[in-house]
Amino acid sequence: MEYLQTIQKIFQDQLFSVPDYQRGYAWEKRNWQDLWDDVDLLEKGQEHYTGTLVIHPASDKPFSDDNGDEFIQYDIVDGQQRLTTLSILIIEMIRQFETLGVINAAALRSRYIATTKNGVPVPKLKLNRDTNDYYRKCIIAIEGDISVMPKIFSERRLREAKFFFRECFEAKKLELGDGFAQWLDETRAKIVSQMKLTVYLVPKESDVGVIFEVMNNRGKPLTEMEKVKNYLLFICAKLSECGGHELATEINSAWKYIYETLMENDVFDSEDNLLRFNWIIMQNYKPNEWKGCNSVKEVLSLKEYRGNYETLRDKIRIYVDFLRKSCKAFCDIIAPDRDKAFDSFNNSKSKKAIIEYSQKLVRLNTTAAFVPLLISLRLKSNNPKEYLDILKICEIYAFRVFAIMQKRTNAGQSAMYRGAYQYFNGEWNYDDVSAEIKWYLTHFCNNGTYEREVDAIGDWYNWKGIKYLLFEYETYLAAGANVHLDWKTFQKKDKKDTIEHILPQTPDKQYWLDRWSQEDIDEVTHDLGNLVVTLDNSSYGNKGFDEKKGMPGVGRCYANSALFSEKELCQFDDWTRSNLEIRHDKIGNWMKSRWFIEDYCSDKNTDDDEDDFGGDI
């Protein structure tokens, strides 16, 4: 075999497949741009080294097409990203030739994209099972429909690559005008004749795994989820006599479902968190002992199960099935506002409240401590009432411990993870889980401490939980009516635009000078009683309270606001320190009721991991 091959030689008498244990397509714009620049800047007659292609024979028998041409079949060990991208570049180039009609585009397609067998196109490059169907139908097909929306991340990358090169060609066409056809033919010659890959053949199957492991550590890092899939599929190849092929089909199906579900819920970047939380529930609840794919390798090891591969196969099947089931529960927790969230609770009266409290937990940005526990509850019992009860306790925990007390988000985390593991494995029941959370909650923030924090006059404006608190207060005042405040918009906007200081930060109007001392201004300007959500803070400025309060039907004022919190201020005739403190006490009393939980006492042994007692931020 020639070690340095042109693109023309590579596709001349060879067919390539990306094994299922390989990652999906992952190149992005910077990679496509580099390749495009390499081609565009290449001088005529100049060779360009394009990269490395490592391959392994996939079959002893050559493939014969309708013309009687024979092709040697190879699996790609390394280089699939580059070869896939080159195929997309070439198909977009062919598309331009088809439009111009100046060259036999069908011959180019047959030479570089697909031959035929019994009249059916056979692609010269076959991707792994996750993305091959999309690649065939939407990327390289003669009438490829790129309007079809991708379902997983690698499909989206394929679609984006196709659009990228299409736009590059269209830009050149616009730039060169009548000279485009000549440029296109010169570009064809560059791609197929001047660009070369170094091709290495791995003859022994036993060497493929070692080389693949080395390749995994090069280029763009694989996610832990991708590594686990690749490892499990690699094991399947070794279990060929013990149902390995069938197991590989199950693994591919599970990962396809996982990737599609993550993509559908717009949480694709959370795939490694899903993997970690799944492991905590099923195998080991100690987060500091999680080592990604290596943890899976240690437990599901060929070496450990030598001579007992049937047991290994069954353990892998159980692990994969649980990971698949965990995915839906995981997505419901971190994306509860999606249409299909918590659909297993469709017949439950609790579903609406479950979605609402799940949204609250997301808004507090502290879901990580509770996700394994909530997944465990969902998969073990799927009891909506118990799930909602625990969810409410978790929200109180998040508000009081993480927001009010400003403890690190690992405070009590190991206890939560241990509870998830023990509940799922039948060592704990619902009462045990509930008691554990309540104990840690009141350990970190008992009612006396909580009430003192709530009553304190001080700087609430710069407290990290102020938006959540004021949003919840607005919801409370709405009493089931429509809240004219979108959380996502509210969260993204700057506080200065969404939180109004009733007593302005610069109270230079005569109204304020007549009523407020500088000492009081310095002490309570940022206090809770002086803060209210608003849709347009710029309209208030430093006006006096009489102007801000206004009158119904007359201009922008509290009286005409769509927000209940602003309307509530109309009960005050004036804005003095005493009225500010009255409002603080009113909100504070509501907070004590809203996030109340009875102090939980027990003789619990507190000999836990350090992170259970995480300090202040």
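What you are looking at is a predicted structure, and each value in this text was computed from that prediction instead of being measured.

Enquirer: Looking at this structure, I do not really get the overall build of the chain. What am I missing?
Expert: Helix and strand counts for the chain come out as 27 helices and 11 strands. Its C-alpha atoms give the chain principal-axis dimensions of roughly 95 × 70 × 40 Å. Here the chain, with 617 residues, has 52% of them falling under the buried criterion. Here the contacts in the chain between residues at least 6 apart in sequence split such that 75% fall between residues at least 24 apart. About 28400 Å² of surface is accessible on the chain, with carbon and sulfur atoms providing 46% of the total. Taking the average location of the 83 positive side-chain charges in the chain and that of its 99 negative ones, the two points are 4 Å from each other.

Enquirer: So what exactly am I meant to see when it comes to the nonpolar core here?
Expert: Nonpolar side chains tend toward joint burial in soluble globular proteins. Within the largest apolar cluster, 115 residues are counted, with the highest numbers of intra-cluster contacts made by Phe399 and Met591. Take this core: its biggest share by element is 14 residues, from helix 16 (residues 384-404). Core analysis: the next-biggest nonpolar cluster, separate from the first, contains 51 residues, Leu83, Tyr112, Ala114 and Tyr135 among them.

Enquirer: How do you make sense of the environment of methionine 263 when you look at a structure like this?
Expert: Position of methionine 263 among the secondary structure elements: in helix 10 (residues 244-264). The spatial distance from the C-alpha of methionine 263 to the C-alpha of serine 539 is 41 Å, given a sequence separation of 276 residues. Those residues in contact with methionine 263 that lie beyond four places of it in its chain are Lys151, Ile152, Phe153, Arg156 and Phe268.

Enquirer: Looking at this structure, I do not really get the packing of aromatic side chains. What am I missing?
Expert: When we look at a pair of aromatic rings, we describe it by the centre distance and by the angle of the planes. A complete count under the given rule lists 42 aromatic pairs for this structure. Considering the side-chain rings of phenylalanine 399 and tryptophan 463, the 6.1 Å spacing of their centres and the 85° angle between planes classify their relative orientation as edge-to-face. Taken together, the positions of phenylalanine 399 in helix 16 and tryptophan 463 in the loop between helix 19 (447-455) and helix 20 (466-478) put the pair 64 residues apart, joining distant regions of the chain. With relative accessibility at 9%, the residue tryptophan 463 sits in the buried group.

Enquirer: Can you help me understand the pattern of salt bridges in this one?
Expert: Working definition: two side chains of opposite charge can pair if their charged atoms are close together. Tallying each qualifying case throughout the model produces 42 salt bridges. A salt bridge links glutamate 436 to arginine 418; the nearest nitrogen and oxygen atoms lie 2.7 Å apart. Pair noted here: glutamate 436 is in helix 18 (residues 430-444) and arginine 418 is in helix 17 (residues 413-424), with a separation of 18 residues, a long-range link. We note that glutamate 436, like arginine 418, is buried. If you follow the salt bridges from partner to partner, you end up with Glu28, Arg30, Arg157 and Glu160 in one network.

How each quantity is defined
Residues numbered from 1 in each chain as written. Predicted model: local features only at pLDDT ≥ 70, side-chain atom pairs only at ≥ 80, totals over all residues. Heavy atoms only, no water. Helix = DSSP H or I, 4+ residues; strand = E, 2+ residues; numbered from the N terminus. Buried < 20%, exposed > 50% of the residue type's maximum accessible area, 1.4 Å probe, protein only. Contact = heavy atoms within 4.5 Å. Areas by Shrake-Rupley, 256 points an atom, 1.4 Å probe, with all protein chains shown as cover. Lys, Arg positive; Asp, Glu negative; His and termini not counted. Charge placed at Lys NZ, Arg CZ, Asp CG, Glu CD. Core = buried A, V, L, I, M, F, W, Y, C linked by side-chain atoms within 4.5 Å. Phe/Tyr/Trp six-rings, centres within 6.5 Å; stacked < 30°, edge-to-face > 60°. Salt bridge = Lys/Arg side-chain N within 4 Å of Asp/Glu carboxyl O.

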